[in-house]
Amino acid sequence: MNSKKLKISLLMGISLVSAAFANNPVSERDELVISSVDYIEEDTDFELGFDTAEYLPEDFNPYKMYVDLKSVVYIEEEEALKLNTKKYLPKKFDAYAFPSNVFDFNYIDANDEISLNFDTQEHLPEGFNPYIKR
């Protein structure tokens, strides 16, 4: 019986100590309230170095709608182009199927040399060999 009382009193003591050293949750919540953040609004005028009124039409109003958006004709999406690719593919073809045979892999031979019409020897030092370790 004494061991149960000892364990319970130990747990109660730990919970009281942790409660005593806990932060004040009200102050933490107050820091996260967006209305408590001070915001400084700066009214700064930008000097562009020229008068914009010279480049705008007379009686220009930036808040007036000069284009009627309801008069814009929208192009409806046409039906997608349908290709008959089944005649070019093997029967029961599934592009997402996992290959089950090594011979199903298609490899591209890269034996073709590409000519860039650019002589690299003009730009490399004499006797340059990229295969020699230095």
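In this report, we go over the structure that sits alongside the text.

Each value, and the rule that gives it
- Residues numbered from 1 in each chain as written.
- Predicted model: local features only at pLDDT ≥ 70, side-chain atom pairs only at ≥ 80, totals over all residues.
- Heavy atoms only, no water.
- Helix = DSSP H or I, 4+ residues; strand = E, 2+ residues; numbered from the N terminus.
- Buried < 20%, exposed > 50% of the residue type's maximum accessible area, 1.4 Å probe, protein only.
- Areas by Shrake-Rupley, 256 points an atom, 1.4 Å probe, with all protein chains shown as cover.
- Phe/Tyr/Trp six-rings, centres within 6.5 Å; stacked < 30°, edge-to-face > 60°.
- Patch = residues over 30% accessible without salt bridge, like charges linked within 9 Å, V, L, I, M, F, W, Y side chains within 5 Å.
- Salt bridge = Lys/Arg side-chain N within 4 Å of Asp/Glu carboxyl O.
- Lys, Arg positive; Asp, Glu negative; His and termini not counted.
- Charge placed at Lys NZ, Arg CZ, Asp CG, Glu CD.

Here we come to the overall build of the protein chain. Per the secondary structure count, the protein chain includes two helices and zero strands. Counting across all 134 residues of the protein chain, residues that qualify as buried make up 0%. Accessible area for the protein chain stands at about 15,700 Å²; split by element, carbon and sulfur atoms hold 57% of it.

To describe a pair of aromatic rings, one takes the distance between the centres and the angle between the planes. Tallied over the full model, the rule gives one aromatic pair. Ring geometry for phenylalanine 50 versus tyrosine 55: centroids 5.6 Å apart, planes at 85°, classification edge-to-face. Accessibility expressed as a relative area gives 44% for phenylalanine 50, which makes it partly exposed.

Another point: a negative patch on the surface. On the surface, a cluster of negative charge is made up of Glu41, Glu42, Asp43, Asp45 and Glu47. Locating glutamate 42 in the fold gives a position in the segment after helix 2 (25–32).

All right, on to unusual backbone geometry then. The general pattern is negative phi for most residues beyond glycine and trans for most peptide bonds. Residue aspartate 59 is not a glycine yet carries a positive backbone phi of 55°. The residue aspartate 59 is located in the segment after helix 2 in this model. At lysine 92, a position not held by glycine, the phi torsion is positive, near 55°. Relative to the elements of secondary structure, lysine 92 occurs in the segment after helix 2.

Quick look at a nonpolar patch on the surface now. On the surface, a cluster of nonpolar side chains totalling about 870 Å² of accessible area is made up of Leu56, Phe60, Met65, Tyr66, Val67, Leu69, Val72 and Tyr74. Along the chain, the position of valine 72 falls in the segment after helix 2.

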